[in-house]
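# Structure assessment
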Amino acid sequence: MEEVDVEPVITNIPAASHGKHLGFAWGPGDILLFETLYKLPLCCAFIHEVRKDEDIYSPILRKLFNESHHIFVGLQTIREDLPSKNKKPQFVSISKNYRSVIRACMEELQQVAVSTKDAQVAMQYGNQVSILLAIELIWNLCEVLFIDAAPAGSLLLHLLDWVRLHKADVDEKARDVLQSESPAEHHDYWDVVMSYVLQGRLDEARQMLMKQANLQPAARNIYKLMDTLLSKMPFYNPGGNQTLTEFDVKWRHCNKHLEIICKILVGDEDTLLAHKDLLSTWYHFLVTRLLFCHPTVKPTELHYYAQSCLTMFLDSRSVPEPLDSILLAAFEFDIHQVIKDCSIALNNWWFVAHLTDLLDHCKLLQSHNLHFGSNLREFLLLEYASGLFTHHSLWQLAVDYFDNCPEFGRVYLELQIERVPLDTERKALKVLRICEQRQMSEQVRSICKVMAMRALRNNRLGSALSWSIRAKDAAFATLISERFLQDYCARGTFSDLDLIDNLGPAMLLSDRLTFLGKYREFHKLYGEKRFGEAAKLLLSLMTAKIAPRSFWMTLLTDALPLLEQKEVGRYNVLLRLSFQEEDLELTKVELLRLALARNLAMAIVKEGTVET
């Protein structure tokens, strides 16, 4: 699930208020604005932000991206070595899951569009609903033709379901008719009956016709015959000696509406075309024509009927819409043309990326590679994921998409992860965790250096040291360690004791960090009155020469109290303290000499005294 970060900080652009002209350059997702030497023209005082993936900023569509991300990740786990017949039901199920997510977002957008009082927002959401409707229509057809790959016979049943799902206005009309006082006399009654028949929903058409039979008792026998006829469709096998044609002639003049139904049932194309207003689209006309004229159509024959239905349905002056071309390419089983046209027509990469990924798993795109190296699936996934990376929280979803692009995914991730703004330490830790899990050592060092420098500028030495250790940056760790020592000299205490006390092996990153850790350890030993161990550690720090020269006087000062302690071998310590005095401040050196002379005398006296 997406971890939502804080909203991006609003950045003021001084040039906009100082009357200067702004230039721009396209970035990976948005644009970069910069100040130019030109003066701002008086005609316009507005800046319009341009985004190529506006949909990722829609709170409702973000649910589409999040939910489809989970489906995508699950699809990648299907084992390649499974037989195709075992994988096919899984692929069909995954395709239905994708469509379910599209439908859920579409319904939510529709609700918001209806409930909002802002006309512009309503129009925006209405446009998004239209786009999702087209996406779901195309995806569903691709599922039928490519993924499920239904054979002749069952193919028509799947196409009928496809049309029924995307032609729901008849159900709305039917509700209005049935809720009226006299359904059989409603002005839309016969439109509903015809629509049911045209969609092959014959049981519902029969139920609706019974309303008319009850209203006209004298014609009840005719309606009963029609009910019988409809009940035997599409396996028409009437009993007795009466043929369908004889039956049609017998009652042709009784009811013009029933006559039309009969013409539809026998596949009269002129009658079908005359009711194209009820069909509304050429592909609905196609499925209806197949149902009543060519019920055993083979997949390879679809393109012929699709093209002729498009020609018959559209006015000679009409130009096919992009959706028409996409659906026609699907009926021609030209998968790559479908993907190409969708890439051009749709306003983001979500649809083509996920559909292509699913089709690729179905082994339907193996023969198509792009001339610049990456296959079509990877190219589209990379484009989609790159768009997600421009969003302040959806970028996290993009990581899994890059992970599943074996050729260029790693390179894209390395480039994109460096562009993620590290607004907070929490976000930096997220980015760092992603990089560490993928052994992206260069990016880990870069992130840690950025955060360490930021913490140092804010005088947060503990955080700065922690980030520099994580980056394994010895030079920066040395710098911060010296700041800790300077603060100690100025204040007499250490900050961030928990961090310094638990450096462990990390203190070996640099000599200065080692000195800092060991010097703090000396203070702990002294505080615990373990003077012998403290003196030994202090002596080792002096002889190792890892202390900064500016800290030598502090070490000598720290040694003085130890000389008063009985358990410390004074003579040994005093010999060690006589190094390089020429560089120390003269006043402090004189004081030290006096203190050392006093302790040397005490040591000589003690050693020369014979205990009795």
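Right above here is the structure, for reference.
Summary of the structure given here. (Residues numbered from 1 in each chain as written. Predicted model: local features only at pLDDT ≥ 70, side-chain atom pairs only at ≥ 80, totals over all residues. Heavy atoms only, no water.)

## Some details on the overall build of the protein
Cut-off, in case you're wondering: Secondary structure counts use DSSP, requiring at least four H or I residues in a row for a helix and at least two E residues in a row for a strand, with both numbered from the N terminus. Summary of the burial criterion: residues with accessible area below 20% of their type's maximum are buried, those above 50% are exposed, and those between are partly exposed, where the area comes from a 1.4 Å probe applied to protein chains only. Throughout, a contact is declared for two residues whenever any of their heavy atoms are within 4.5 Å.
When you go through the protein residue by residue, the secondary structure sums to 31 helices and two strands. Counting all 612 residues of the protein, 45% fall into the buried class. Nonlocal contacts in the protein, meaning residues at least 24 apart in sequence, comprise 62% of its contacts between residues at least 6 apart.

## As for the state of the cysteines
As used in these notes, a disulfide is a covalent bond between sulfur atoms, one from each of two cysteines. What counts is decided by this rule: Disulfide assignment relies on a single distance test, namely cysteine sulfur atoms paired within 2.5 Å.
The full count for this structure, using the stated rule, is zero disulfides. The thiol of Cys142 is unpaired, and the distance to the nearest cysteine sulfur, on Cys342, comes to 6.9 Å. Taking relative accessible area as the criterion, Cys142 reaches 0% and is therefore assigned buried.

## Some thoughts on the packing of helix α20 (residues 395-403) against helix α21 (residues 409-417)
A pair of packed helices is characterised by two quantities: the angle between their axes and the separation of those axes. Definition in use: Think of each axis as a best-fit line through the C-alpha atoms, taken over the contacting stretch in the case of a helix, with angles from 0 to 180 degrees between the N-to-C directions. Any angle from 65 to 115 degrees is called roughly perpendicular, while one under 35 is roughly parallel, one over 145 is roughly antiparallel, and all others are oblique. Helix crossings get a hand from a simple test, with the near helix turned counterclockwise from the far one by less than a right angle marking a left-handed crossing and a clockwise turn marking a right-handed one. Charged means Asp, Glu, Lys or Arg here, nonpolar means Ala, Val, Leu, Ile, Met, Phe, Trp, Tyr, Cys or Pro, and polar covers whatever is left, Gly included.
Running from N to C, α20 and α21 point in directions that differ by 155°, and their axes come no closer than 8 Å. As judged from the angle between their axes, α20 and α21 are roughly antiparallel. The element α20 and its partner α21 pack so that their crossing is left-handed. Here Trp395, Val399, Phe402 and Asp403 of α20 come into contact with α21, specifically with Gly409, Arg410, Tyr412, Leu413, Gln416 and Ile417. Class assignment for the residues of the contact of α20 with α21 results in six nonpolar, two polar and two charged.

## Section: the side chain of Thr271
Structurally, Thr271 can be placed in helix α12 (residues 269-274). With a relative accessible area of 8%, Thr271 lands in the buried category. If we skip the residues at most four places from it in the chain, Thr271 touches Ile260, Lys263 and Ile264.

## Description of the pattern of salt bridges
Note the threshold: What counts as a salt bridge is simple: a side-chain nitrogen of Lys or Arg found within 4 Å of a carboxyl oxygen of Asp or Glu.
Applying the stated rule across the entire model yields 18 salt bridges. Of the charged contacts in the structure, one is a salt bridge between Arg164 and Asp161, with a shortest N-O distance of 3.4 Å. With Arg164 and Asp161 both in helix α5 (residues 154-166), this residue pair falls three residues apart, about one helical turn. Under the relative-accessibility criterion, Arg164 is labelled partly exposed at 25%. Residues Arg206 and Asp203 are paired through a salt bridge, measuring 3.4 Å at the closest nitrogen-oxygen approach. Of the two residues, Arg206 and Asp203 both sit in helix α8 (residues 202-215), three residues apart, roughly one turn of that helix. On the basis of relative accessible area, Arg206 is assigned to the partly exposed category, the value being 22%. Connected through shared salt-bridge partners, Lys96, Arg99, Arg103, Glu136 and Glu143 make up one network.

Taken by themselves, the reported measurements are silent on function.
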